[in-house]
2 protein chains.
Amino acid sequence: MPQSGAGEGELAQKIKLSTIADALGVSTATVSLALRDSPLVAGLTRERIKEHARAIGYIYNRRAASLRTSRSGIVGVVVHDIMNPFFAEILRSIESELDRSRQTFILSNHYDQLEKQRTFIDTLLQLGADGVIMSPAIGTPPEDIVMAEENGLPAVLIARTVEGAEVPVFRGDDAYGTGLATNHLISLGHRRISMIGGTDQTSTGRDRFQGYMTAMENAGLEVKPHWRIPGPRTKQAGFEAASQFLALKDRPTAACCWNDLVAIGLMNGIARAGLVPGVDISVTGYDDLEEAAIATPALTTVWNGQREVGRRAASALLDKLNGQSVRPSQELIRPELHVRQSTGKPRERV
Amino acid sequence: MPQSGAGEGELAQKIKLSTIADALGVSTATVSLALRDSPLVAGLTRERIKEHARAIGYIYNRRAASLRTSRSGIVGVVVHDIMNPFFAEILRSIESELDRSRQTFILSNHYDQLEKQRTFIDTLLQLGADGVIMSPAIGTPPEDIVMAEENGLPAVLIARTVEGAEVPVFRGDDAYGTGLATNHLISLGHRRISMIGGTDQTSTGRDRFQGYMTAMENAGLEVKPHWRIPGPRTKQAGFEAASQFLALKDRPTAACCWNDLVAIGLMNGIARAGLVPGVDISVTGYDDLEEAAIATPALTTVWNGQREVGRRAASALLDKLNGQSVRPSQELIRPELHVRQSTGKPRERV
DNA sequence: CTGAAAGCGCTTACAG
DNA sequence: CTGAAAGCGCTTACAG
């Protein structure tokens, strides 16, 4: 309802605690307590106050309250890019977890630009945010996180680690995960396997590459450096990498991709070139996005536990806010291989 | 930098304006003015103050400021679902537009639940947000928007209209857009065309269906009711609709889809059934997501101006905040047909 | 060009 | 169970 006494289109007199107090002949302290269901206020008084507040359309001023209590009810979330469905799935589970504690969340993309990330942390500090969940931008120095914590903004990391920052980290076991995918391809009979996408500049990138290398070495397979095509992390880039991949000397029979987006883009590119992904070339993804199951062919990929990551990160942060001590530790979610139709035996004899 | 004088891991004494004022022997008024680059303060004084503030790691308290000024620097954005790339693209352009005015934005999904949307608007009111950009949930009564505006929260709508709400609306000309797609199919020789996805409960849904119907009627083509498969709006749902579509009596030779997601899902389903989209069945999408161009086959679709929608909506809201009068009007972005490989002549003689 | 003082709208000890 | 008063950290007239 609009505020009582509002004239034609004009803003009414602002309704505040004292408006209610005056109308009911009680003090603002009593109103404040009543609205927050304090047992200190008599049941009848409380009901009268709450009913009146509702009737005249009172709006609680959180800025004023938070200035006094120094709790704002705001949590910041900053990731590389929300357009990436991997993060979008994480965000959804963060959202539903925070919702239950009536925390509002502010979202930002840093696009791996340190400056954008710093501006956002600064904004959170100025707003008096209660905490931040972040997938740190490439090159984030531990000091940035220490600074936030020292100024009363507890942090929890997702997806990527920052060496030297003593905060909880929730992410998948990336080395183990790409190991699963690579071993799956090897067990199908593939001997020449490409690794497509990703970067050495993030912990995730290094771990995933490591998992692939280790699996190849353990199987006694040679890895030619040019079989690795670093960089792509999007569908578009995967699509564009297809021609480069197909033109490779000693062309591999399979590609272990950085993530599902790259894998799907690559498959599209392979199909565009007249080859059949899953038959002519085997492809694995990473993340198991909702979309992986309906790709053509359905994508063999590694489930990365994004729902879990989001849920646990949010709940760890809430624990921190509520004063419970949360150990700075690496929580590794164990990935699982989901085999579908994009992988098969190599076509040619090896 | 951490605050000066911080002990081992302990939170330092909070640094505020008066800390700086005391240290420099000036008043808080002068410090406040200086930090905001007021010309009222002598250049030298200003520099001394700003330098000192930086040195001791002063953090501006926006809650306190906004309590005083009643401007919070916060803008709310609420959409159906940020995981939908259509909205994700809009959000990006909103973000870059707001960034330039140093406004922070708070994001929320309402998943077409009125209750979630109301909770969010309430939160914005409590935080004293400066405005809201929304794609209204199905069934949003105009009163909800009027209430927000009367309480000092100006609103701008995107993508969907709410009858009776006197606020600016930015969206594509949906009827015209599906008309483009349908006419394209007709001109290729298709006579039986299906409409897949969408709902009559939103203005967008009604408009898109209307555009399809009008085009069919103008071409003197019959439309069998069961050729319409309402509902799907996601890739998954489009995928699942494929079998229903393929089993249709008098099966249409083409499908005009609600959006790109449905179209891509449908094409995947068609391919899974052993038919070739673009050859056996023509498919059109809507939105022209980045992904449309790299789908297999590349998707013929209607560009919906999402970048434009986001940019203009944000800039209209900023104008409103700055006191410029913004007419409540429908801004229809004119869609464009982008022809690619998912459409062709009908295979069978008609 | 600078300072003293009031006030934004809450909550929290402290009395009673 | 309820009230009077101080204070959170800013900004804004108002004086000088």
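Source: prediction; values computed, not measured.

Caption draft 1: Focus on the overall build of chain A. Each helix and strand in chain A was counted, giving 12 helices and 12 strands. In terms of overall size, chain A is more extended than a compact globule, its C-alpha atoms giving a radius of gyration of 26 Å where 350 residues would be expected to give roughly 20 Å. Along the first, second and third principal axes, the C-alpha set of chain A runs to 90 × 45 × 35 Å. Taking all 350 residues of chain A together, the buried fraction comes to 56%.

Caption draft 2: Broad picture of the packing of aromatic side chains. What the rule picks out here adds up to 4 aromatic pairs over all chains. For the ring pair Phe-209 of chain B and Tyr-212 of chain B, a centre distance of 5.8 Å and an interplane angle of 35 degrees mean the geometry is tilted. Note that Phe-209 of chain B and Tyr-212 of chain B are positioned in helix H9 (residues 203–218) at a spacing of 3 residues, about one turn of the helix. Positioned above the aromatic ring of Trp-258 of chain A is the side chain of Arg-208 of chain A, whose terminal nitrogen or guanidinium carbon lies 4.4 Å from the ring centre.

Caption draft 3: Molecular detail of the sheet that holds strand E9 (residues 282–284) of chain B. All names here are of chain B. Here 4 strands make up an open sheet; going across it, the order is E7-E6-E8-E9 and the pairing parallel. Strand pairing shows two members of the sheet lacking a second neighbour, strand E7 (228–229) and E9, which therefore form its edges. Pairing analysis gives 2 bridges linking strand E6 (residues 193–196) to E7, with the strands arranged parallel. Residue pairing in the sheet places Met-195 in a bridge with Arg-228 of E7. Most of the contacts of helix H8 (residues 174–187) go to strand E8 (residues 254–257), to which it runs at about 170 degrees, and overall it touches E6, E8 and E9.

Caption draft 4: Quick look at the sheet that holds strand E6 (residues 193–196) of chain A. Residue and element names in this part refer to chain A. Spatial ordering of the open sheet is given by E7-E6-E8-E9, a layout of 4 strands whose pairing is parallel. With partners counted over all chains shown, the strands left at the sheet margins are strand E7 (228–229) and strand E9 (282–284), one partner each. Note that E6 and strand E8 (residues 254–257) share 4 bridges and pair parallel. Along E8, the bridge assignment pairs Met-195 with Cys-256. Here helix H9 (residues 203–218) sits on the sheet and contacts E6 and E7; the angle it forms with E6, its principal contact strand, is near 175 degrees. Of the strands in this sheet, E6, E8 and E9 touch helix H11 (residues 260–272), which is tilted by about 160 degrees from E9.

Caption draft 5: Highlighting the pairing of strand E5 (residues 169–172) of chain B. Residues and elements named next belong to chain B. Across the two faces of E5 the burial is the same, with Val-169 and Arg-171 and Phe-170 and Gly-172 all buried. Pairing analysis gives 2 bridges linking strand E4 (residues 155–158) to E5, with the strands arranged parallel. What sits directly across from Ile-158, in E5, is Phe-170. Of the pairings in the sheet, the one linking E5 to strand E11 (residues 330–333) comprises 4 bridges and is parallel in character. In the sheet register, Val-169 faces E11, and the bridge partner there is Gln-330.

Caption draft 6: Main features of the interface of chain A and chain B. Across the boundary between the two partners, chain A contributes 55 residues, which contact 54 residues of chain B. Across the contact surface, chain A and chain B share 8 salt bridges. Salt-bridge contacts for Asp-81 of chain B lead to Arg-92 of chain A; the nearest nitrogen and oxygen are separated by 2.6 Å. Between chain A and chain B we count 20 residue pairs in polar contact (both at pLDDT 80 or more) in total. Residue assignment for the side of chain A that touches chain B shows that the elements contributing at least two residues are helix H4 (62–69), helix H5 (85–99), strand E2 (104–109), helix H6 (114–127), helix H7 (142–150), helix H10 (235–246) and H11 of chain A. Here the residues of the side of chain A that touches chain B sort into 25 nonpolar, 15 polar and 15 charged.

Caption draft 7: Seen up close, the protein's contact with DNA strand C. Looking at DNA strand C, there are 26 residues lining it, with Ser-32, Tyr-58 and Arg-68 of chain A together with Ser-27 and Arg-68 of chain B nearest. Here Leu-17 of chain A contributes a backbone N or O atom positioned 2.9 Å from a phosphate oxygen of DNA strand C. A distance of 2.9 Å separates a phosphate oxygen of DNA strand C from a polar atom in the side chain of Thr-45 of chain B. Elements with a minimum of two residues in the surface near DNA strand C: helix H2 (28–35) and H4 of chain A together with helix H2 (28–35) and helix H4 (62–69) of chain B. Per-element tally for the surface near DNA strand C: the top contributor is H4 of chain A, with 4 residues. Split by residue class, the surface near DNA strand C holds 14 nonpolar, 7 polar and 5 charged.

Caption draft 8: Local environment of the pairing of strand E2 (residues 104–109) of chain B. All names here are of chain B. Buried residues dominate E2, accounting for 6 of its 6 residues. Residues Thr-104, Ile-106 and Ser-108 of E2 are buried on one face, and the alternating residues Phe-105, Leu-107 and Asn-109, pointing to the opposite face, are buried as well. In this sheet, E2 lies alongside strand E1 (residues 74–79) in parallel orientation, the contact comprising 6 bridges. Its bridge partner being in E2, Ile-74 is matched across the sheet by Thr-104. With helix H5 (residues 85–99) bridging E1 and its parallel neighbour E2, the resulting β-α-β unit is right-handed.

Caption draft 9: Local environment of the protein's contact with DNA strand D. Within the structure, DNA strand D sits among 26 residues, and Ser-27, Thr-30 and Arg-68 of chain A together with Ser-32 and Arg-68 of chain B are positioned closest to it. Counting only the atoms of DNA strand D within 4 Å of the protein, the fraction contributed by sugar and phosphate is 73%. Contact distances for DNA strand D include 3.1 Å between a base nitrogen and a backbone N or O atom of Ala-64 of chain B. Going through the elements one at a time, H2 and H4 of chain A together with H2 and H4 of chain B are the ones with two or more residues in the surface near DNA strand D.

Caption draft 10: Focus on the domain arrangement of chain A. Each assigned domain of chain A is listed with its residue range as follows: domain 1 (17–60), domain 2 (70–170 + 306–327) and domain 3 (174–304). Taking only C-alpha atoms into account, the centre of domain 1 of chain A sits 36 Å from that of domain 2 of chain A.

Caption draft 11: Representation of the side chain of Thr-123 of chain B. Position of Thr-123 of chain B relative to the elements: it lies in helix H6 (residues 114–127). In this structure, Thr-123 of chain B is in contact with Arg-62 and Thr-104 of chain A, ignoring residues within four places of it in sequence.

Caption draft 12: Highlighting the relation of the copies chain A and chain B. Between chain A and chain B, which share one sequence, the superposing operator has a rotation angle of 180 degrees and an axial displacement of 0.0 Å; the RMSD is 0.0 Å. Classification of the inter-copy transformation places it as that of a two-fold axis. It is Ile-106 of chain A whose C-alpha, among those of chain A, lies nearest the rotation axis, at 2.4 Å. When the interface residues of chain A are mapped onto chain B, 98% of them again lie at the interface, so the same face is used by both copies.

Caption draft 13: Representation of the state of the cysteines in the model. All names here are of chain A. Across all of its chains, the model carries 0 disulfides over all chains by this definition. For the unlinked cysteine Cys-257, the closest cysteine sulfur is that of Cys-256, found at 7.1 Å. According to the relative accessible area criterion, Cys-257 is buried, its value standing at 0%.

Rules used throughout
Residues numbered from 1 in each chain as written. Chains lettered and ligands numbered in written order. Predicted model: local features only at pLDDT ≥ 70, side-chain atom pairs only at ≥ 80, totals over all residues. Heavy atoms only, no water. Helix = DSSP H or I, 4+ residues; strand = E, 2+ residues; numbered from the N terminus. Rg over C-alpha atoms; globule rule 2.2 N^0.38 Å. Buried < 20%, exposed > 50% of the residue type's maximum accessible area, 1.4 Å probe, protein only. Phe/Tyr/Trp six-rings, centres within 6.5 Å; stacked < 30°, edge-to-face > 60°. Lys NZ or Arg CZ within 6 Å of the ring centre and 35° of its normal. Pairing = 2+ DSSP bridges. Contact = heavy atoms within 4.5 Å. Axes fitted to C-alpha atoms, helices over the stretch in contact; angles between N-to-C directions. Salt bridge = Lys/Arg side-chain N within 4 Å of Asp/Glu carboxyl O. Polar contact = N/O pair within 3.5 Å; in protein donor to acceptor, adjacent residues only side chain to side chain. Nonpolar A, V, L, I, M, F, W, Y, C, P; charged D, E, K, R; others polar. Near = heavy atom within 4 Å. Right-handed = clockwise from strand over helix to strand, strands pointing away. Domains from an automatic or database assignment. Least-squares fit on C-alpha atoms with pLDDT ≥ 70 in both. Disulfide = S-S within 2.5 Å.

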